[in-house]
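Architecture and fold: a report
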Amino acid sequence: QVQLVESGGGLVQAGGSLRLSCAASGRTFSSYAMGWFRQAPGKEREFVAAINWSGGSTYYADSVKGRGTISRDNAKNTVYLQMNSLKPEDTAVYYCAADNRKRLSGSYYSVYEYDYWGQGTQVTVSS
């Protein structure tokens, strides 16, 4: 089992940047593929980015492609999401999630593919 704790959210002006971190407990972090999702008020949780166990494969939602970068440091049990050129529509609670398979499945964008979730960190982008 793994526990996930997100950090790095906050209030930022449009055009700014944030780096979100997700620290995982346990000794088998490198066994998990990881994902970032977000949920805005009144909306469903949506996929943002995913990364396989080694960092060799990454996927992004069209809405963040070119602005977001997912990465991981297995030695630090941490996955990151760097977000640049932030827009007001990026405002949401951001969640990291762990899939207990190393490789990303074909449904890496689905919330149902992930086994563990963090509590989320709020990102607010002002215009």
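See the structure shown above.
Quick look at the structure, then. Since this is a predicted model, take the numbers as computed values, not measurements. (Residues numbered from 1 in each chain as written. Predicted model: local features only at pLDDT ≥ 70, side-chain atom pairs only at ≥ 80, totals over all residues. Heavy atoms only, no water.)

So, about the state of the cysteines. One pass over the structure, following the stated rule, counts one disulfide. The residue that forms a disulfide with Cys 22 is Cys 96, at a sulfur-sulfur distance of 1.9 Å. One disulfide, between Cys 22 and Cys 96, carries an S-S torsion of 45 degrees and so falls in the right-handed class. Taken together, the positions of Cys 22 in strand 3 (residues 18-24) and Cys 96 in strand 9 (residues 92-99) put the pair 74 residues apart, joining distant regions of the chain. Here Cys 22 and Cys 96 have matching classes, each one buried. (Disulfide = S-S within 2.5 Å. Helix = DSSP H or I, 4+ residues; strand = E, 2+ residues; numbered from the N terminus. Buried < 20%, exposed > 50% of the residue type's maximum accessible area, 1.4 Å probe, protein only.)

Before going further, it helps to examine the pattern of salt bridges. Taken as a whole, this structure holds six salt bridges when the rule is applied. Across the pair Arg 101 and Glu 113 runs a salt bridge whose closest N-O atoms are separated by 2.5 Å. Linking Arg 101 in the loop between strand 9 and strand 10 (116-117) with Glu 113 in the loop between strand 9 and strand 10, this pair joins segments that are 12 residues apart in sequence. Assessed through its relative accessible area of 37%, Arg 101 is described here as partly exposed. The buried category is assigned to Glu 113, whose relative accessible area is 18%. (Salt bridge = Lys/Arg side-chain N within 4 Å of Asp/Glu carboxyl O.)

Once that is clear, we can look at the nonpolar core. The biggest cluster of nonpolar side chains holds 36 residues, and the ones touching the most others in it are Leu 4, Met 34, Trp 36, Val 79, Leu 81 and Tyr 94. Breaking this core down by element, the ones donating at least two residues are strand 3, strand 4 (33-39), strand 5 (46-51), strand 8 (78-83), strand 9 and strand 11 (121-126). Setting aside its immediate chain neighbours within four residues, Leu 4 contacts Cys 22, Ala 23, Ala 24, Met 34, Cys 96, Ala 97, Ala 98, Tyr 116, Trp 117, Gly 118 and Gln 119. (Core = buried A, V, L, I, M, F, W, Y, C linked by side-chain atoms within 4.5 Å. Contact = heavy atoms within 4.5 Å.)

With the rule as written, the count across this model stands at one cavity of 30 Å³ or more. Within this model, the largest cavity holds a volume of roughly 40 Å³. As for the largest cavity, its lining consists of Leu 18, Leu 20, Met 83, Leu 86, Tyr 94 and Val 123. Class assignment of the residues belonging to the lining of the largest cavity gives a composition of six nonpolar, no polar and no charged. (1 Å grid on protein atoms, 1.4 Å probe; cavity = no way out; pocket = protein on both sides within 12 Å on 5 of 7 lines; lining within 4 Å. Points joined across faces, edges and corners; volume = space filled by probe spheres on them. Nonpolar A, V, L, I, M, F, W, Y, C, P; charged D, E, K, R; others polar.)

The next subject is the sheet that holds strand 3. The strand order 1-3-8-7 describes an open sheet built from four strands, whose pairing is antiparallel. Edge positions in the sheet fall to strand 1 (4-7) and strand 7 (68-73), since each has one partner strand and no second. Here the strands of the sheet are splayed against their neighbours by 15 degrees on average, with no regard to which way each runs. In the sheet, strand 3 pairs with strand 8 via six bridges, with the strands oriented antiparallel. Across the sheet, residue Ala 23 finds its bridge partner in strand 8, namely Thr 78. (Pairing = 2+ DSSP bridges. Axes fitted to C-alpha atoms, helices over the stretch in contact; angles between N-to-C directions.)

Burial of the side chains of strand 7 is restricted to one face: Gly 68, Ile 70 and Arg 72 are buried, whereas none of Thr 69, Ser 71 and Asp 73 on the reverse face is. Bridging between strand 7 and strand 8 involves six bridges; their strand directions are antiparallel. Looking at strand 8, one finds that Asp 73 is bridged to Thr 78.

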